[in-house]
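Coordinate inspection notes
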Amino acid sequence: MFRTALRNVLAHKARLLMTVLAVMLGVAFVSGTLVFADTLSHAFRNQSAKSYDDVAVAVSSYADENDAGREPGIPEQTLGKIAALDGVAAAHGRVDGFAGVADPDGKLIGVGWSNKGSNFSPGRDGKDPAYTFTHGSGPARDDQIALDADSAAKGRYAVGDRVRVATNGPVREYTLSGVFTTGDGAVNAGGSLVLFDTGTAQRLYLEPGYYRDVTVTATPGADDTAILAAVEPLLPEHAEAQTGEALAEKQAADIEAELGALQQVLLGFAGIALFVGVFLISNTFTMLVAQRTRELALMRAVGASRRQITRSVLIEAAIVGASASAVGFALGIGLTVGLRRGMAAFGIKVPDGPLVVSATPVAAAFAVGVLVTMFAAWLPGRRAAKIPPVAAMGSVHAPAGAKSLVWRNSAGGALTGLGAAGIVAGASAAGDTGRMLIAAGAFLALTGVIVLIPQLSRPVIALARPLLVGAFSVAGTLAGRNAVRNPRRTGATASALAIGLTLVTGLSVLGVTVGRAVDKMTTDSIKADYMVTMANGGGLDRSALAALEKAPGVSAVSPQQAVHVEVKGDFAAASAVTAGDIAKVMNVQVVNGSLDTLAKGGVAVAEKTAASKGWKVGDSLPVTFGDGKKGTLEVGAVFRDNELLSPVLVGTEVTDPHEARPHIRQILVKTDGGRSEANEKALIDALGDNPAIAVMDRQDIRDEFGGMINTLLNIMYGLLAMALIIAVLGVVNTLAMSVFERQQEIGMLRAIGLDRRRVKRMVRLEAVVISVFGAVVGIGLGTFLGWAVGETFRDKVPGYALVLPWDRIGLFLVLAALVGLLAAMWPARSAARLNMLTAIKTE
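Here's what I pulled together on the structure shown here. (Residues numbered from 1 in each chain as written. Predicted model: local features only at pLDDT ≥ 70, side-chain atom pairs only at ≥ 80, totals over all residues. Heavy atoms only, no water.)

Secondary structure summary: the protein contains 26 helices and 24 strands in total. Each of the three principal axes of the protein carries a C-alpha extent, and together these read 95 × 70 × 50 Å. Looking at the protein residue by residue over its 843 residues, the buried ones come to 50%. Sequence separation of 24 or more characterises 82% of the internal contacts of the protein that already satisfy a separation of 6 or more. Total accessible area on the protein is roughly 37800 Å²; 60% of this is exposed by carbon and sulfur atoms. The averaged location of the 73 negative side-chain charges in the protein is 21 Å from the averaged location of its 78 positive side-chain charges. (Helix = DSSP H or I, 4+ residues; strand = E, 2+ residues; numbered from the N terminus. Buried < 20%, exposed > 50% of the residue type's maximum accessible area, 1.4 Å probe, protein only. Contact = heavy atoms within 4.5 Å. Areas by Shrake-Rupley, 256 points an atom, 1.4 Å probe, with all protein chains shown as cover. Lys, Arg positive; Asp, Glu negative; His and termini not counted. Charge placed at Lys NZ, Arg CZ, Asp CG, Glu CD.)

Okay, here's the thing in structure tokens:
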């Protein structure tokens, strides 16, 4: 049977090409994901271990800068005591924070969230072991900096040049004293690293005489554990120490966890692609079995059992799966190499390291490829074994019996009904429980629709038949009939497209609906003409607020300043705002009381918070501020909940005396005359043309909130592209094999006058009908799922209302039709080029 199976594979290799491609693409996705994750994990592990090679002990502090009751970090005296311990070669104090470097055009170098500043901490030899200088040396004065090599190259800076550097305060110019290389994670993530002298870094990021971290190097032969034991008693209560080896292992574990999450997401999409491929493979083997009924009958007649026939088909599937897996695995390795180069091209640096190909990706690639192919071929093989030898010898294909059709339709209807009920129940339940019900219901409903889709094909395609006949006459009539001639084949082909478009449409409905709600919330809530934020998402300095208040044309300014406030011992999510101006820059709908009380030291509370805490206007609340001091605040207003406002608002005059380093998340600005180029320039000039500060107008604000949703949608579309490509291959495969089966029929049509042009049109229209049918089913089910999932969190998104993205739905239908046309190019050409006499003689 193995020789027979191998002969059949070689004899039908052209017809198995699409199956091989589908399995190959799915396996490439799986193996590429696994190899990519292993390679990155190995590279980051090595980098982490290398970074802490010379570190015996690492000390980190977690002090609250606004807590007046304890020190803000590790004091200089403690650093000196650590350095004097036995076995310690050197102890380097570190302090860091945000620092952005402007290029010669005034633009920020690198991505804001990974732009970092730190201190140069030289030892007795004048060198800092964390950095290797390629040009110049470390900064020795407060007007000098050193810059990482990549940032220096991007900014075209050389030693001695003046460089503009922004922290969360005003921009300053420094002289570049040196250029260095480093394994720092911020630089590897595409950011920049600026080194200041220690005194300057402490003033910028902490307080003079204090460090946030300490790294300890040991003398030769010293025991790291013994040094750790000696260091720990010297530390303040808000600091902890661990060996460099332990820290490296912890970082490696964190990296492993993050990459593991990414790997699971990618494997999920790979699974979707393989699931879609199952329909293509099953269709291929079903058609191959149908085309070889005489051959299979002859094998039965000479003694082959049903089990042997099934085994023969499964062996063919295993050979195809193994061959496709080998090619797919090689393609997966190529994808890994391409991804690494692509990341480098987009400025995402990955540590150098070898390509890691372990046993797991190899085993997974072949297991997935072979098992998926055999699973998809099992049902066609089982059907082949059931064909009676006499019926097969006469090429009489036994149609599905009434009992079989009744069972199939009943099962499909029951599954679809159960799934739909689960989805509706999940939409009503809301929350995580609701989403779990929807997931289970979606699986049942999708399975039921796949079972029913052959039955659905006749009435749905019948609706389009008048259009086909009216527009394309004979070719349209034949295409409509051919599309429903074999409903199971049409259904299997359309199912592949339906699955992909179910997911794409569901995501689109969710994304557009949430995006519209967020956009409405933004426009309804914000009255300000501009929002000012830091490029890294961090806090702005007080100097930025003061500068904007003095800027020409500004009529109102209010910060959104995070503050530490405890009410009756419980932490309250509070923001400090400018009393009198907050109502001019934000739409605060007061339910009771007045916002004017903020200027008198009062507090405004969101409606839901007030209800849950039992607070009302006039209540006095005992509070504890961030510096530990206590006071009493009176509730002066209750306002409707607003997602862009904290539930507790208090005036900056009340909180500023208790905040050593206020964390200003954003500043909202209202200008005379609204948005204009002149007003925007005035704000930018007032901020000193700071490259690290973003000044956004109302449209920019809307894009900022909506852009994240669009980016996420585009990523999802990209990951689902593989499944859609495999679905397209399924259409090509079905048409090509259908043309092969109908050679005699096509020859007869040619003989009675159907020219080549209309033969091509017939095949193309058949492909379009099947593709659009699959798209209609997928879009309908996807819209239903998108609605249901949205219902589970509508209470958490103000203004949420279902929005059907008709433009995208229309685009999906048009693309489905184009997919059909493209898929039909080769089969249509083959059909038109058939020799009519040869085709008529074909059995």
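Having seen the structure, we can now continue with the description.
Tallied over the full model, the rule gives five cavities of 30 Å³ or more. There is about 50 Å³ of room inside the largest cavity. Lining the largest cavity, in full, are V565, V567, V603, W615, L621, V623, L633, V648 and V650. For the lining of the largest cavity, the secondary-structure elements that each account for two or more residues are β16 (554–567), β20 (620–625) and β22 (648–651). Looking at the lining of the largest cavity residue by residue, the classes come out as nine nonpolar, no polar and no charged. (1 Å grid on protein atoms, 1.4 Å probe; cavity = no way out; pocket = protein on both sides within 12 Å on 5 of 7 lines; lining within 4 Å. Points joined across faces, edges and corners; volume = space filled by probe spheres on them. Nonpolar A, V, L, I, M, F, W, Y, C, P; charged D, E, K, R; others polar.)

Let's shift gears to the pairing of strand β24 (residues 693–697). Successive side chains on a regular strand alternate, one facing one side of the sheet and the next facing the other. Extensive coverage of β24 is indicated by the burial of four of its five residues. Bridge count between strand β15 (residues 530–534) and β24: five bridges; the pairing is antiparallel. Directly across from Y530, in β24, lies its bridge partner D697. (Pairing = 2+ DSSP bridges.)

Another aspect to go through is the nonpolar core. Counting 67 residues, the largest nonpolar core has F29, V276, I726 and V763 as its most contacted members. Per-element accounting of this core gives the leading share, twelve residues, to helix α23 (residues 756–791). Excluding anything up to four places from it in sequence, F29 contacts L266, F269, A270, L719 and M722. M586, V588, L644 and I709 belong to the second-largest nonpolar core, a separate cluster that totals 30 residues. (Core = buried A, V, L, I, M, F, W, Y, C linked by side-chain atoms within 4.5 Å.)

Moving on: the pairing of strand β23 (residues 663–671). Sheet topology note: the β15/β23 ladder contains three bridges and is antiparallel. Residue pairing in the sheet places Y530 in a bridge with V669 of β23. Where β16 meets β23, eight bridges bridge the pair, whose relative direction is antiparallel. Within β23, the position partnered with P559 by the bridge is I667.

Next up on the list: the pattern of salt bridges. Applying the stated criterion across every chain, the model contains 16 salt bridges. One salt bridge connects D697 with R675, and the closest N-O pair in it is separated by 2.7 Å. Of this pair, D697 sits in strand β24 while R675 sits in the loop between β23 and α20 (677–686), placing them 22 residues apart in sequence. A salt bridge links K681 to D685; the shortest N-O distance between them is 2.8 Å. Here the residue K681 and the residue D685 both occupy positions in helix α20, the gap between them amounting to four residues, near one helical turn. Linked through salt bridges whose partners overlap, the residues forming this network are R675, E680 and D697. (Salt bridge = Lys/Arg side-chain N within 4 Å of Asp/Glu carboxyl O.)

Counted under the stated rule, the structure contains seven aromatic pairs. For the pair F196 and Y205, a centre-to-centre distance of 6.3 Å together with 65° between the ring planes defines the contact as edge-to-face. Classification of Y205 as buried rests on a relative accessible area of 8%. Taken together, a centroid distance of 5.9 Å and an interplanar angle of 75° make the contact between F793 and Y800 edge-to-face. According to the relative accessible area criterion, Y800 is buried, its value standing at 5%. (Phe/Tyr/Trp six-rings, centres within 6.5 Å; stacked < 30°, edge-to-face > 60°.)

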